[in-house]
Amino acid sequence: MENVKALLNTSVADAKSSLECQLRSNPRLALSDAQLALDFMDSQEVTGAVHKSRRAMLRTIVSKARKALSH
């Protein structure tokens, strides 16, 4: 959960950079962290322009991780 808190409490660019690095070394963990962050944002009904771009970035990471895990 600490990873998820860090993803939500940093800039979108920093979160993206962290997740992309994690994606290269451990796609399963990247998938888990990104999905947990999305689920948390949904449960808290987090809105706003910054959060729209954060959600888009997280969805992209989830997609990339699923693709990496399927190969």
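Residues numbered from 1 in each chain as written. Predicted model: local features only at pLDDT ≥ 70, side-chain atom pairs only at ≥ 80, totals over all residues. Heavy atoms only, no water.

A.B. asks: Could you clarify how one ought to interpret the overall build of the protein in this entry?
C.D. replies: Each helix and strand counted, the protein has four helices and zero strands in total. Ordered by position from the N terminus, the helices and strands of the protein form the series α-α-α-α. Against the globule reference of 11 Å for 71 residues, the protein gives a C-alpha radius of gyration of 11 Å, in line with a compact fold. If one aligns the C-alpha atoms of the protein with their principal axes, the spans along those axes are about 35 × 20 × 20 Å. Looking at the protein as a whole, 32% of its 71 residues qualify as buried. Relative to all contacts within the protein whose residues are 6 or more apart in sequence, the contacts with residues 24 or more apart total 69%. With an accessible surface of roughly 4,500 Å², the protein has 52% of that area assigned to carbon and sulfur atoms. (Helix = DSSP H or I, 4+ residues; strand = E, 2+ residues; numbered from the N terminus. Rg over C-alpha atoms; globule rule 2.2 N^0.38 Å. Buried < 20%, exposed > 50% of the residue type's maximum accessible area, 1.4 Å probe, protein only. Contact = heavy atoms within 4.5 Å. Areas by Shrake-Rupley, 256 points an atom, 1.4 Å probe, with all protein chains shown as cover.)

A.B. asks: Mind showing me how you'd approach helix α2 (residues 12–25) here?
C.D. replies: The periodicity of an α-helix, 3.6 residues per turn, causes residues three or four places apart in sequence to face the same way. In this model α2 runs 20 Å from its N-terminal to its C-terminal C-alpha over 14 residues, within 8% of the 20 Å that 1.5 Å per residue would give. Here α2 has its buried residues at Val12, Ala15, Leu19, Gln22 and Leu23. Along the axis of α2, the buried residues cluster in a sector spanning 105°; they form a single face. For α2, exposure combined with an orientation more than 90 degrees from the buried face picks out Ala13, Arg24 and Ser25. (Expected span 1.5 Å × (residues − 1). Arc of directions from axis to C-beta.)

A.B. asks: How do you make sense of the nonpolar core when you look at a structure like this?
C.D. replies: As a rule of thumb, soluble globular proteins bury nonpolar side chains together. Counting 18 residues, the largest nonpolar core has Leu19, Ala34, Ala37, Met57, Leu58 and Ile61 as the members making the most contacts within it. Where this core is concerned, the elements lending two or more residues are α1 (2–8), α2, α3 (27–43) and α4 (49–70). In terms of residue count, α3 provides more of this core than any other element does, six residues in total. Non-local contacts of Leu58, meaning those with residues more than four positions away in its chain, are made with Leu19, Ala34, Ala37, Leu38 and Met41. (Core = buried A, V, L, I, M, F, W, Y, C linked by side-chain atoms within 4.5 Å.)

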